[in-house]
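Structure assessment
Residue strings, one per chain:
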Amino acid sequence: MVFSETKTDIAGELDNLLTRLQKLVVNYVKEGQNSDNKVVRYHSPEDLYKLIDFELPEEGAGVEDTFDLIKETLKYSVNGWNPRFLDKLYGGTNPIGVISELLLAVLNSNSHVYHCSPVLSLMEIEVTKATANLLNMGKQSGGVLCPGGSASNLLAMVTARNKLYPTIKSKGYLPRPCDANSEYGVLKIFTSTHSHYSIDQAAQVLGLGLDNVVKVPTDEYGRMRVDELERLLEESLARDETPFFINATSGTTVMGAFDPLDKIAKIAKKYNCWCHADGSWGGSAVFSDQVRKTKNWFHGSELVDSFTMNPHKLLGVPLQCSMLLTPHNGHIMFAQVNSLKADYLFHGNPVDLGAATIGCGRRPDAVKVFLAWKYYGKQGLGQRVDRALSSASEFMDIVRQRPGFMLVKDPCPFLQVCFWYVPDAIKEKVDSWKLDGTYQVNMAKVTRVIQQNINHSGAFLVDHAPLPGLPDFFRVVINAPTISVDRDLVILLDTIESVSVDWNDVF
Ligand SMILES: *Cc1c(COP(=O)(O)O)cnc(C)c1O
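Residues numbered from 1 in each chain as written. Predicted model: local features only at pLDDT ≥ 70, side-chain atom pairs only at ≥ 80, totals over all residues. Heavy atoms only, no water.

All right, on to the overall build of the protein chain then. Along its length, the protein chain carries 18 helices and 11 strands. Whereas a compact globule of 507 residues would reach a radius of gyration of roughly 23 Å, the protein chain reaches 25 Å, a difference of no more than 12%. In terms of its C-alpha atoms, the protein chain occupies a principal-axis envelope of roughly 80 × 65 × 45 Å. Residue pairs in contact within the protein chain that sit at least 24 positions apart in sequence constitute 71% of those at least 6 positions apart. Accessible surface, the protein chain as shown: approximately 24,000 Å² in total, 54% of it carbon and sulfur. (Helix = DSSP H or I, 4+ residues; strand = E, 2+ residues; numbered from the N terminus. Rg over C-alpha atoms; globule rule 2.2 N^0.38 Å. Contact = heavy atoms within 4.5 Å. Areas by Shrake-Rupley, 256 points an atom, 1.4 Å probe, with all protein chains shown as cover.)

Strand order in the open sheet made by the 7 strands is β1-β7-β6-β5-β4-β2-β3, with mixed pairing throughout. Only two strands of the sheet have a single neighbouring strand rather than two, namely β1 (142–146) and β3 (213–216). Strand-to-strand, the axes of this sheet are offset by a mean angle of 20 degrees, without reference to chain direction. Sheet topology places strand β6 (residues 306–309) next to strand β7 (residues 322–326); 3 bridges connect them, and they run antiparallel. Opposite Phe307, over in β7, you have Leu325 as the bridge partner. Against the sheet, helix α6 (residues 149–164) engages β1, β2 (187–192), β4 (242–249), β5 (274–279), β6 and β7, with an angle of about 175 degrees to β5. The sheet strands contacting helix α13 (residues 330–338) are β1, β5 and β7, and the helix crosses β1 at an angle near 65 degrees. (Pairing = 2+ DSSP bridges. Axes fitted to C-alpha atoms, helices over the stretch in contact; angles between N-to-C directions.)

For the rest of this paragraph, the subject is a nonpolar patch on the surface. Together, Leu14, Leu18, Ile99, Leu102 and Val106 make up a nonpolar patch on the protein surface, roughly 430 Å² of accessible area in all. Among the elements of the structure, α1 (10–33) and α4 (95–107) are those that each provide at least two residues to the nonpolar patch. If you tally residues by element for the nonpolar patch, the top one is α4, at 3 residues. Following the sequence through the fold, Ile99 ends up in helix α4. (Patch = residues over 30% accessible without salt bridge, like charges linked within 9 Å, V, L, I, M, F, W, Y side chains within 5 Å. Salt bridge = Lys/Arg side-chain N within 4 Å of Asp/Glu carboxyl O.)

The subject of this paragraph is helix α8 (residues 198–205). Three or more residues of α8 are buried, namely Ser198, Ile199, Asp200, Ala202 and Ala203. Against α6, β2, β3, β4 and β5 lie the buried residues of α8. Among the residues trailing α8, Gly207 stands out with phi positive, at a value near 75 degrees. (Buried < 20%, exposed > 50% of the residue type's maximum accessible area, 1.4 Å probe, protein only.)

What follows is about the domain arrangement of the protein chain. According to the domain assignment, the protein chain consists of domain 1 (111–166 + 183–338 + 347–376) and domain 2 (383–506). The centre of domain 1, based on its C-alpha atoms, is set 31 Å off from the matching centre of domain 2. Taken residue by residue, the interface counts 22 residues in domain 1 and 20 residues in domain 2. A buried area of about 1,800 Å², summed over both sides, lies between domain 1 and domain 2, and 67% of it is on carbon and sulfur atoms. Joining domain 1 to domain 2, the criterion identifies 0 salt bridges. (Domains from an automatic or database assignment. Buried area = accessible area lost by both parts, 1.4 Å probe.)

Cis geometry is adopted by the peptide bond preceding Pro177, which originates at Arg176 and carries an omega value of 0 degrees. Tracing the backbone shows Pro177 in the loop between α7 (167–171) and β2. With an omega of -15 degrees, the peptide bond between Leu319 and Gln320 qualifies as cis. Mapping Gln320 onto the fold places it in the loop between α12 (311–314) and β7. Backbone geometry at Asn108 places phi at a positive 40 degrees, although glycine is not the residue there.

The first and last C-alpha atoms of helix α5 (residues 118–134) sit 25 Å apart over 17 residues, in line with the 24 Å expected at 1.5 Å per residue. Taken together, the buried positions of α5 are occupied by Leu120, Ser121, Met123, Glu124, Ile125, Val127, Thr128, Thr131, Ala132 and Leu134. Asn136 sits one or two positions beyond α5 and adopts a positive phi of about 60 degrees. (Expected span 1.5 Å × (residues − 1).)

This part is about the site of the ligand. Lining the immediate surroundings of the ligand are 17 residues, of which Gly149, Ser150, Asp278, Asn310 and Lys313 lie closest. In the environment of the ligand, an oxygen atom lies 2.7 Å from a nitrogen or oxygen atom belonging to the backbone of Gly149. Between the ligand and Thr253 there is a distance of 3.1 Å, counted from an oxygen atom to a side-chain nitrogen or oxygen. With the chains in place, 86% of the 380 Å² that the ligand exposes on its own is no longer accessible. Grouping the amino acids of the shell around the ligand by side-chain chemistry returns 2 nonpolar, 13 polar and 2 charged. (Near = heavy atom within 4 Å. Polar contact = N/O pair within 3.5 Å; in protein donor to acceptor, adjacent residues only side chain to side chain. Nonpolar A, V, L, I, M, F, W, Y, C, P; charged D, E, K, R; others polar.)

Before going further, it helps to examine the pairing of β2. Most of β2 sits out of view: 6 of its 6 residues are buried. Because side chains alternate across β2, one face comprises the buried residues Leu187, Ile189 and Thr191, and the other comprises Lys188, Phe190 and Ser192, equally buried. For β2 and β4, the ladder comprises 4 bridges, and the chain directions are parallel. Within β4, the residue paired with Lys188 across the bridge is Pro243.

Turning next to the UniProt feature "modified residue: N6-(pyridoxal phosphate)lysine" (unreviewed entry) in the protein chain. Under the present numbering, the feature "modified residue: N6-(pyridoxal phosphate)lysine" (unreviewed entry) in UniProt falls on Lys313. If you trace the backbone, Lys313 turns up in helix α12. Residue classification places Lys313 among the buried residues on the basis of a relative accessible area of 14%. (UniProt positions renumbered as here; feature names shortened; annotations may be inferred.)

A word on the side chain of His194. Structurally, His194 can be placed in the loop between β2 and α8. We classify His194 as buried; its relative accessible area is 14%. Among residues more than four places away in sequence, those in contact with His194 are Thr218, Gly222, Thr252, Met255, Leu467 and Pro468.

Overall, the coordinates contain 19 aromatic pairs when judged by the stated rule. Grouped by ring-pair contacts, the aromatic residues Phe258, Trp281, Trp297, Phe298 and Phe414 constitute a single cluster. Against the face of Phe67 rests Arg20, its NZ or CZ located 5.4 Å from the ring centre. (Phe/Tyr/Trp six-rings, centres within 6.5 Å; stacked < 30°, edge-to-face > 60°. Lys NZ or Arg CZ within 6 Å of the ring centre and 35° of its normal.)

Written as structure tokens, this is what we have:
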């Protein structure tokens, strides 16, 4: 296979490759739709090196060999179309998702400046505006897409810092007491103990230091305690520090808790802090009319300064697709606060979205959520959320009643059903661990041994997680609209029970 200028029928070549690929991928999706098939043919890295030729050739391998590699890639990858992929906060995508990725690939567009991506830039402006409207952020709201929730959270924190303490942008970070005349003390970030590590990551990237991220305790359902938040803010001020950023989480990663946005936003205002909501996981639930009517999860969303939402998780939009929204003049505000003078690229056009970010070239991910919304409607996306919520609640009832299984929190706040399982064979051991103080470490081991067994079998992919003070438990994420409680989730419990482990070897 050679790249040559004389080979001009590129369209014909694409037609040929697409036709070949179409059969392969449609079959792959069919395979995934039958949940009795394996989610993954699991192999260790050593074995996979033996099964697949990862060597990069000197000369092009051509169509046949390349397609052999594509077939093997499909064969040994995780099939996200299988509803028994219950491991992560994203599920599989859907047909319009694939089409939107194909559209992006064909356009190979870059949404840093409008004149290179006219349609896609306007889609980004409109879809962020419309989503911010669901959060009641008002007429001036909008936002930008970022390459993931962590990136959105990082952009939120840089924006807050540059907006509140603009001298840092030019002079660097010089707090009191290092600089006795500084207008600010050591900058502090407040976030709950259950929040995502990307908040810490952002703090270290900004040079603020992990030690300056204050972890606020949570209540029994994993929600930030606002009384503790206020106490910690007061303590910080008494040390002559400068609290500047409060992160509330809308849907925590492990448990799915929603921090009270209204109360936290009011406290943020009182202490002159930026209030950010990390709704990477739970934010998309705002698409459901039923959620907006019956739950308090988004009360106060209009009061926050910025809000992260990942349509690539709960809405099934292909990875990556993350939005950072704000009520304060949308992408224009991000551009005013963050842009540098890159005159060669940005010529002052207010629809040049790249100026709003800390990147340069950008993948126009907005088109994927725009098309999903167009195709399914707000109603369709909302129903996806509703279905997940009702399946999770049904599954929770089943776990609650099944001997040997124990919910970590009852009820689970959102779509992650978290539980422990104690096999009959070790019931007595577990009782003795409670007495001799080894309960936590040994129960974590029970969970991990069973979980690894299941994941390596490929029948399901599920995850395990710890929380402060609790041993590792199973975390089953109910997201994909194709999950059936009876066909998939009950079988998962059967499978957990049937894992055969010689516990005498383990303990
Ligand atoms: C998933 C998640 C993130 C990170 O999002 P990425 O797109 O994976 O970077 C941040 N916060 C929360 C609460 C999350 O669940």
